[in-house]
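# Structure assessment
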2 protein chains.
Amino acid sequence: MNGKKLNIGLFGFGTVGKGLYEVLQRVGSKNVEIKRICVRDLSKPRAVDAEFTDRADDIFGDPDINFIVELIDDADAAYAIVKRALQAGLPVVSGNKKMLAYHIEELIELQARHNVALLYDASACGSIPVIRNLEEYYDNDLLMSVKGILNGSSNFILSKIFNERMSYADALKLAQDLGFAESDPSLDIDGWDSLFKLIIITVHAFGLYVAPEKIFRYGISNMNDDDIRFANEKERRFKLVAHVEKIEGNKLIMWVVPQLISRNKYIYSVEDEFNGVVIKGLFYYKQFMFGRGAGGHPTGSAVLSDITARLYDYKYEYKKRNDSQLPEYSTDCSFRVYYRYSNYADLDLVKFESVSENYISDRYKYVVGTVSLRELHKIQDELHKRDVFIAAYPDD
Amino acid sequence: MNGKKLNIGLFGFGTVGKGLYEVLQRVGSKNVEIKRICVRDLSKPRAVDAEFTDRADDIFGDPDINFIVELIDDADAAYAIVKRALQAGLPVVSGNKKMLAYHIEELIELQARHNVALLYDASACGSIPVIRNLEEYYDNDLLMSVKGILNGSSNFILSKIFNERMSYADALKLAQDLGFAESDPSLDIDGWDSLFKLIIITVHAFGLYVAPEKIFRYGISNMNDDDIRFANEKERRFKLVAHVEKIEGNKLIMWVVPQLISRNKYIYSVEDEFNGVVIKGLFYYKQFMFGRGAGGHPTGSAVLSDITARLYDYKYEYKKRNDSQLPEYSTDCSFRVYYRYSNYADLDLVKFESVSENYISDRYKYVVGTVSLRELHKIQDELHKRDVFIAAYPDD
């Protein structure tokens, strides 16, 4: 540790920023201090004893500040801050999944060029150290898949719906009141947040970066009471699942989609704002990690773990990126889905390879059948716009 | 990685040694090679293409060998090997929990003195990287407790008993046939293995080393059909739980004891040879990690993770050991237990602070009551010898 002292310039003082501040107060670390906090609106009353500014230059221009922590919502602003810090040789901890999901390749390159570290474990799964585990432990080329519930907010909503029969709207409102939801709820609900995290995880798990627009992403905002009844009848629950898997021919498939999960699955019991990740390997079979995925204190504590890792000069090695045989991204696979629709015109939207169930009633209709990932990706926008709902429905 | 190549001298070729060999064959790492294997009995037929010896000097005297992996059963021999390696400046991976639990303080000192690394994540929880997570992630002084199922073999037996109504003897035999049990089954069944792992975990989680003889340890070998019926009636299952917790006054309490686990607990569903660890922190609440805790391939794969970590110069920092305020070991706490006995003479053995249930029948008798950890530790040997069984029975 060498008597190192981290003087932090913090950007953002929302749920997580405040969480970090409070955790740090409570822990009383002698080696970590928040020197100055940059916020958008200085006039907001804040009952904390810290130096605030609304000018980034007050942080970057302060020679005492030797560490940047970026916890703001705006991905473009976050990108500018992180880039500026790395170029100035300042280590950074970032919590902005969206920014990372779009710029991670450049940021990896910047870290190498300026010999400085960017850490973001807290961004990927709240308090579960999934990045660090993928980096440090599952690095033997044995990894087969990583999948799980990566978004605490949508999972909280689904839990309230399935366990407490709450309405979708009430559950969303409650999640926002409790500080679990992003300021823009569609980030959580429509699967964006899960997708961004999946992209970051995939870089560390398999070495490959895949841009957000290439990946099939579907959320829970179209889900209605008929869908919920269907899940209950099958003794399953909808969970919003992010999935990356290596398939034959060194190909990598990825998606974010609601999935009908049966009781015997680990993630069936991941409730409320918790996240759960299942890591599958050739030899160790399955690992399951589970922890709080949202909320100021758990995430603040995770951010602090990223910060204190720097006291020991920890950095990501991105080992998998150097593999001579990087996998190739593919949408060349099929899976079974449940597809609910109201108008016959919407049935044609999905090109089923085969259909195993066909249900028609006055109120709603559904099909259970097999469809290719490539097809789903093509019709992704329509699936969101129309009065339909689709979910993976594994045969297990 | 710097083009580093690890030429391994391997000691031991039992379940885990063979597992490591096979995993390595399959993975085909260019940077890791098993150069020579030292075994006790050279005459045993082995269908593998590797150079064997029965003399340690053939390994330590080989200038090409730059890495020692020790996977033998005999703790004394393991200690001699690990010590010799560290003194020679050779990095070591060890899988011997017992050896570590007795000698870890000296081995930490030797690592520092000779500036060389000893890694042993695989020893503590099979394929769950619990040591590394405690070292790298949960290092903010926020840790409150670590508890879990640390022994795959006894858990396998308990699962067979509770889920498949198998007899204790048949379950033990099956565990041995499948290679899950140590060659001396009492290591698993009587809680020794869990205890050794708990000691290692505690060094990394709280910085404190506590010698095995100071800690209350009780296993499942005295459990009988009446106990199993009791658990079933209460809709609970016995699990062999290792527990370390920080309590008020900066004190640390530890124990290994069968516990009546209710359905709503994470570890209730940890079945078969799996391990499960619950890490509790002030801010992140609970983390749960779950994975295979026994078997040649999962453990071999975990050993390989320890080995490849050295390609990146990973070493344990033992950060918590440098805390200015190390916690103090204590047995100063009480908990509720179920105590089954046959002879009235055995009732006096346990000094109950209070009794809430008292059951007497022709066949067996039990008491539910509160007892201090200090008392339990005093009578530990008698609890094993007599026809009685005790288990923690939390009121939840």
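Now for a quick tour of the structure. (Residues numbered from 1 in each chain as written. Chains lettered and ligands numbered in written order. Predicted model: local features only at pLDDT ≥ 70, side-chain atom pairs only at ≥ 80, totals over all residues. Heavy atoms only, no water.)

### What to know about the overall build of chain A
- Helices and strands together make up the secondary structure of chain A, namely 15 helices and 17 strands.
- The C-alpha extent of chain A, read off along each of the three principal axes, is 70 × 50 × 35 Å.
- Counting all 396 residues of chain A, 60% fall into the buried class.
- Considering only contacts in chain A between residues 6 or more positions apart, those separated by 24 or more positions represent 72%.
- Surface accessibility of chain A: about 15300 Å² in total, with carbon and sulfur atoms responsible for 45%.
- Here chain A holds 50 positive side-chain charges and 58 negative ones, and the gap between their average locations is 2 Å. (Helix = DSSP H or I, 4+ residues; strand = E, 2+ residues; numbered from the N terminus. Buried < 20%, exposed > 50% of the residue type's maximum accessible area, 1.4 Å probe, protein only. Contact = heavy atoms within 4.5 Å. Areas by Shrake-Rupley, 256 points an atom, 1.4 Å probe, with all protein chains shown as cover. Lys, Arg positive; Asp, Glu negative; His and termini not counted. Charge placed at Lys NZ, Arg CZ, Asp CG, Glu CD.)

### Points about the pairing of strand β14 (residues 334-341) of chain B
Residues and elements named next belong to chain B.
- The element β14 is largely enclosed, with a buried count of six among its eight residues.
- Pairing of β14 with strand β16 (residues 365-372), which is carried by eight bridges, proceeds in the antiparallel orientation. Each residue of the ladder has a partner; that of Arg 340, found in β16, is Tyr 366.
- Relative to strand β17 (residues 389-392), β14 runs antiparallel, the two sharing four bridges. Note on β17: the bridge partner recorded for Val 337 is Ala 392. (Pairing = 2+ DSSP bridges.)

### Structural notes on the nonpolar core
- Core analysis: the biggest nonpolar cluster contains 272 residues, and Ile 307 and Leu 383 of chain A together with Ile 307 and Leu 383 of chain B have the highest contact counts within it.
- Contacts of Ile 307 of chain A, omitting those with residues within four sequence positions, involve Leu 6, Ile 8, Leu 20, Val 32, Phe 67, Val 69 and Val 93 of chain A.
- If you look at the next biggest cluster of nonpolar residues, it comprises 20 residues, including Val 241 and Ile 267 of chain A together with Ile 267 and Val 278 of chain B. (Core = buried A, V, L, I, M, F, W, Y, C linked by side-chain atoms within 4.5 Å.)

### Here's the deal with the interface of chain A and chain B
- The partner chain B presents 42 residues to the 43 residues of chain A that form the contact.
- Here chain A meets chain B over a buried area of about 3700 Å², counting both sides, of which 57% is carbon and sulfur.
- Linking chain A with chain B are zero salt bridges, by the criterion used here.
- Between chain A and chain B we count three residue pairs in polar contact (both at pLDDT 80 or more) in total.
- Of all the elements in the fold, those that place two or more residues in the side of chain A that touches chain B are α1 (15-27), α5 (121-125), α6 (130-136), β12 (285-292) and α12 (296-309) of chain A.
- Among the residues making up the side of chain A that touches chain B, the classes are represented as 22 nonpolar, ten polar and eleven charged. (Buried area = accessible area lost by both parts, 1.4 Å probe. Salt bridge = Lys/Arg side-chain N within 4 Å of Asp/Glu carboxyl O. Polar contact = N/O pair within 3.5 Å; in protein donor to acceptor, adjacent residues only side chain to side chain. Nonpolar A, V, L, I, M, F, W, Y, C, P; charged D, E, K, R; others polar.)

### Section: the pattern of salt bridges
- Overall, the coordinates contain 62 salt bridges over all chains when judged by the stated rule.
- Among the ionic pairs, Arg 84 of chain A bridges to Asp 57 of chain A, the shortest N-O distance being 2.8 Å. Taken as a pair, Arg 84 of chain A in helix α3 (residues 75-87) and Asp 57 of chain A in helix α2 (residues 56-60) lie far apart in primary sequence, 27 residues in all.
- What makes Asp 57 of chain A partly exposed here is its relative accessible area of 41%.
- Linking Asp 332 of chain B and Arg 374 of chain B is a salt bridge whose minimum nitrogen-to-oxygen distance equals 3.9 Å. Taken together, the residues Asp 332 of chain B in the loop between β13 (328-329) and β14 and Arg 374 of chain B in helix α13 (residues 373-378) connect sequence positions 42 residues apart.
- Under the relative-accessibility criterion, Arg 374 of chain B is labelled partly exposed at 41%.
- If you follow the salt bridges from partner to partner, you end up with Lys 35, Arg 36, Glu 51, Asp 62 and Asp 64 of chain A in one network.

### Here's the deal with the sheet that holds strand β6 (residues 118-119) of chain A
Residues and elements named next belong to chain A.
- Read from one edge of the open sheet, six strands run β3-β2-β1-β4-β5-β6, paired in parallel fashion. Where the open sheet ends on each side, the last strands, each with one partner, are β3 (52-53) and β6.
- In the sheet, strand β1 (residues 6-11) pairs with strand β2 (residues 32-38) via six bridges, with the strands oriented parallel. For Asn 7, the partnering residue across the bridge sits in β2 and is Glu 33.

### Observations concerning unusual backbone geometry
- The phi dihedral of Asn 250 of chain A is positive, around 55 degrees, even though this residue is not glycine.
- Assignment of secondary structure puts Asn 250 of chain A in the loop between β9 (236-247) and β10 (251-262).

### Thoughts on a negative patch on the surface
- A cluster of acidic residues, Asp 73, Asp 74, Asp 76 and Asp 184 of chain A, forms a negative patch on the protein surface.
- Within the secondary structure layout, Asp 73 of chain A lies in the loop between β4 (67-70) and α3. (Patch = residues over 30% accessible without salt bridge, like charges linked within 9 Å, V, L, I, M, F, W, Y side chains within 5 Å.)

### Description of helix α11 (residues 225-233) of chain A
Residues and elements named next belong to chain A.
- Of the positions making up α11, those classed as buried are Asp 226, Asp 227, Ile 228, Phe 230 and Ala 231.
- Looking at the packing, one finds that the buried side of α11 touches α7 (152-164), β9, β10, β14 (334-341), β16 (365-372) and β17 (389-392).
- At the N-terminal boundary of α11, the capping side chain belongs to Asn 224, with an oxygen 2.9 Å from the backbone nitrogen of Asp 226.
- Looking one or two residues past α11, Glu 235 carries a phi angle of roughly 55 degrees, positive in sign.

### Digging into the relation of the copies chain A and chain B
- Mapping chain A onto chain B calls for a rotation angle of 180 degrees and an axial translation of 0.0 Å; the resulting RMSD is 0.0 Å. Read as a symmetry element, the transformation amounts to a two-fold axis. Considering only C-alpha atoms, the part of chain A nearest the rotation axis is Met 289 of chain A, at 2.3 Å.
- Looking at the interface residues of chain A, 98% of them are also at the interface in chain B, so both copies use one shared face. (Least-squares fit on C-alpha atoms with pLDDT ≥ 70 in both.)

### So, the side chain of Ser 194 of chain A
- Along the polypeptide, Ser 194 of chain A turns up in helix α10 (residues 192-206).
- Ignoring sequence-local partners within four residues, the contact set of Ser 194 of chain A consists of Leu 150, Asn 151, Leu 240, Ala 242 and Val 256 of chain A.

### Observations concerning the pairing of strand β15 (residues 354-360) of chain A
Residues and elements named next belong to chain A.
- Pairing between β15 and β16: six bridges, direction antiparallel. Residue pairing across strands places Ser 354 opposite Thr 370, the latter belonging to β16.
- Where β15 folds back on β16, the antiparallel hairpin that results is connected by four residues.

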